[in-house]
Amino acid sequence: MKETKDDDLREALRRSVEKRTVTKVPADFFDKVIGEIEAEPKTIKMWRWVAAAACIALVAGIGSAVLFFGKTAHELEMIAETPVKENVEIQEPAVVINDTTAEPAVAPEPKLEAPQPKVKPNTKPEAKPAPNPNLRMERPLYAANEPTTDDRESANSDASQKAAQTNYAENQIETDDPVFTPAMLDEFIEVLAEFQGVNKINSECSIANDSNFVETFYVFPVKEEFDVLGQFVQMVGNYSNASPGYFFNNTEQQIFFSIDDEQNGVNYFWIAERIDDSKIMIYSVHAPIDIEYESDCYQQFYDDITFTNFNTYY
Amino acid sequence: MVKTTDIDERQRISRVTDYLNAGDRKAAATEYAYFVRRYSQHVLDFTVRMVSNRADAEEVAQNTFVKAFSRLETFEGRASFLTWACRIAYNESINHLRHRKLRWINIDDAQIADIDIADDEFSTGREERIKLMEEALDNLPPDERMLVHLYYYEDKPLNEIAFIMDAEANALAVRLHRIRKKLLIMIKQKEDERDERRRFA
C-alpha cells in the first residue's frame, strides 16, 4: 500500500512538472544581475540620516519634556492643596512622595508557589549487566477493570492541573514553533521503517479488546550505513527531561524511553534493543497514564525473533 | 551526501573573492558570471516552484544571485554552489511570500494524526487519484510543495534538502510523512465532494 501511494505521488509530480511550461530565463536576466553586481555599492549619505535622527530626537525631547514637566507640576499642586483628613478615606499610593511621616505602603509580595517536584530521570547508565533476554518491563500490574467514570474525571482534572506545570503540554500549538509531542517519536520510527522497507507489526497478544493499549514492534536489519539506534537516541534528545513522565535509561543492549502525553492522557514507552548482529528491534506501547499493566508480549516477541528467520519480519 | 564544490568552482569562487578584496569589482563580476550563466535556469525553476508568479520568480532569482555574490566570502564549500544558491533562493522566496501574505489551505495537524486510509477506501481508480493528487499538490503551502518536489521528484537526499531549507533532516522526515498523510486526506475530501455532486446531479 505504501509503495502505491508513493508511486501515485511521484506520478502526480511528474505530470505536474510536465504540464508546467518551462519558464525560460529572460534575455536580460544575465545583464541585470551582472549590472547590479558591478554597480558600486550605494554610498549612504550619512548627513541626511543624521539630520533626520536629530529632528526626531528634538521632537521626542520636546514632547517628553512637556509631558513630564506638566505632569510633575500638576502632581505637586495636588499634594500641596489636598490636606489629609482623618475622616476621609484616601487611597494611598504605593509610594508617597514628600510624606515622611506615613510609612510607605508596600505592595504585597506575590505568592510564590511551591516549586513542583521535577521528575528525576535516572540517566546514568546502571552498572552494565549482562544482556538479559528474560527482562520484563517493570511497570505496575494492569487493572483488570477499566477505570470508572469518576476515576477518569478525577484523572483528567489531575492531568489538567499537571498540564499547566509541564513544559510541552502547556504549549498550545498556535505558532509554527516545532513542539515535540510523544506521538512524533512514533511517527519518526514509522518513517525510519518506511525508509528501510520494514513492516510495522501490531502485537497479537495485546490485552484483548482494549484499544487503549497498543503495542507495536519493528525489526530493523543491522546496516553499517544506517544507524537505527543512533537515530532513535537523537530523536529522544529532542525531549526535555523535565517533561512529564520522562524516563531514559540504557544498558549495553537496550535503550528505554518513556514519556507522558498529558494532553491526551497517554503514556508512551519504547524499548530499542539490539537482538543480535543482524537485528534491531524497536518496541512501543501506549497506554492510559497511571493505568497499571504488565505485558508478556515483549518477551514472547523477543523469543520469536531470536529463533526465527529474520526475513519473516523483514 | 551533500556534494562538495568541485575544484574548478572552488577556484573560481576564490578568484572572485580575491578580486573583491583587491577592490576590482568588475573583474569579480566577470568571474562570477560563470555561475550566473550556468545556474540561472535551475535557480529560476526553483523560485517559480516557490512563488508561482513568473515576474516575482524572476525578481527573486535575480536577488538570489546578487545576494550570493555579496556573501561569497561566507561560502565554505561544504555544499555545491548550486545547493548553496538554492538555500539562498529558498530564503528569498519565503521572505517574498511573507510580504505577500498569501493564504494556503492548511489542515489541522490533529486531523492528520493516526490517519491511515486504505486503498480500498478510495472510491476512484488510480488515474483519477493521480489527478486529485495533482490538485492537492497545488494546494500545499510553497515550502511543503518544495519539500515534496525535492524529495520525490528530484530524489535529493534529506541531508541536502535539510541544508537548502535550513532544517534538521529528522524533522524533515517527519514533515514528509505528515505531508503524505495530509495529501491523502485532501484526496479523500475531494473524492467525497465529487461523490456528493454526482449524487445531486
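Up top is the structure.
Residues numbered from 1 in each chain as written. Chains lettered and ligands numbered in written order. Predicted model: local features only at pLDDT ≥ 70, side-chain atom pairs only at ≥ 80, totals over all residues. Heavy atoms only, no water.

Draft legend 1. View of the overall build of chain A. When helices and strands are counted, chain A shows 7 helices and 6 strands. Each helix and strand of chain A, placed in order from N terminus to C terminus, yields the pattern α-α-α-α-α-β-β-α-β-β-β-β-α. Working note: accessible area of chain A is about 21,200 Å², and carbon and sulfur atoms make up 54% of it. (Helix = DSSP H or I, 4+ residues; strand = E, 2+ residues; numbered from the N terminus. Areas by Shrake-Rupley, 256 points an atom, 1.4 Å probe, with all protein chains shown as cover.)

Draft legend 2. How the structure looks around helix α2 (residues 25-51) of chain B. Residue and element names in this part refer to chain B. Between its terminal C-alpha atoms α2 stretches only 31 Å, short of the 39 Å expected from 27 residues at 1.5 Å a residue. The principal kink in α2, of about 55°, is found at Tyr39. Of all the 27 residues making up α2, 19 are buried; the element is thus mostly covered by neighbouring parts of the structure. The first or second residue beyond α2 is Ser52, which carries a positive phi of 65°. (Expected span 1.5 Å × (residues − 1). Bend = angle between axes of the 7 residues up to and from the residue. Buried < 20%, exposed > 50% of the residue type's maximum accessible area, 1.4 Å probe, protein only.)

Draft legend 3. A look at the interface of chain A and chain B. Each partner contributes to the interface: chain A provides 44 residues, whereas chain B provides 48 residues. Summed over both sides, the interface of chain A with chain B buries roughly 4,500 Å², with 62% coming from carbon and sulfur. Between chain A and chain B we count 8 salt bridges in total. Between Arg15(A) and Glu127(B) there is a salt bridge, and its shortest N-O distance comes to 2.6 Å. Our count for the chain A to chain B interface comes out at 14 residue pairs in polar contact (both at pLDDT 80 or more). For the side of chain A that touches chain B, the secondary-structure elements that each account for two or more residues are α1 (2-19), α2 (29-38), α5 (182-196) and α6 (228-236) of chain A. Counting residues per element, the side of chain A that touches chain B draws most heavily on α1(A), at 16 residues. (Contact = heavy atoms within 4.5 Å. Buried area = accessible area lost by both parts, 1.4 Å probe. Salt bridge = Lys/Arg side-chain N within 4 Å of Asp/Glu carboxyl O. Polar contact = N/O pair within 3.5 Å; in protein donor to acceptor, adjacent residues only side chain to side chain.)

Draft legend 4. Just unusual backbone geometry, in detail. Residue and element names in this part refer to chain B. One non-glycine residue, Asp155, lies in the positive phi region at around 55°. When you line up the elements, Asp155 lands in the loop between α7 (142-153) and α8 (158-165). The backbone of Asp166 sits at a positive phi, close to 55°, despite the residue not being glycine. Considering the arrangement of structural elements, one finds Asp166 in the loop between α8 and α9 (169-200).

Draft legend 5. A look at the pattern of salt bridges. Under the defined criterion, the tally for this structure stands at 29 salt bridges over all chains. Across the pair Glu31(B) and Arg12(B) runs a salt bridge, and its minimum N-O distance is 3.4 Å. Taken together, the residues Glu31(B) in helix α2 and Arg12(B) in helix α1 (residues 7-21) connect sequence positions 19 residues apart. Residue Arg15(B) is joined to Glu31(B) by a salt bridge in which the shortest nitrogen-to-oxygen separation is 3.2 Å. Of this pair, Arg15(B) sits in helix α1 while Glu31(B) sits in helix α2; the two residues are 16 residues apart in sequence, bridging distant segments of the chain. Under the relative-accessibility criterion, Arg15(B) is labelled partly exposed at 34%. Through salt bridges with shared partners, one network takes in Glu11(A), Arg14(A), Arg15(A), Glu18(A) and Glu127(B).

Draft legend 6. Looking closely at the environment of Ile282(A). All names here are of chain A. Here Ile282 lies in strand β6 (residues 279-288). The sequence separation of Ile282 and Leu229 amounts to 53 residues, and the corresponding C-alpha distance is 8.9 Å. With residues up to four places along the chain from it excluded, the contact list for Ile282 reads Ile189, Thr216, Phe217, Tyr218, Phe220, Val228, Phe232, Ile271 and Ala272.

Spatial relationships are all this shows, so hold off on functional conclusions.
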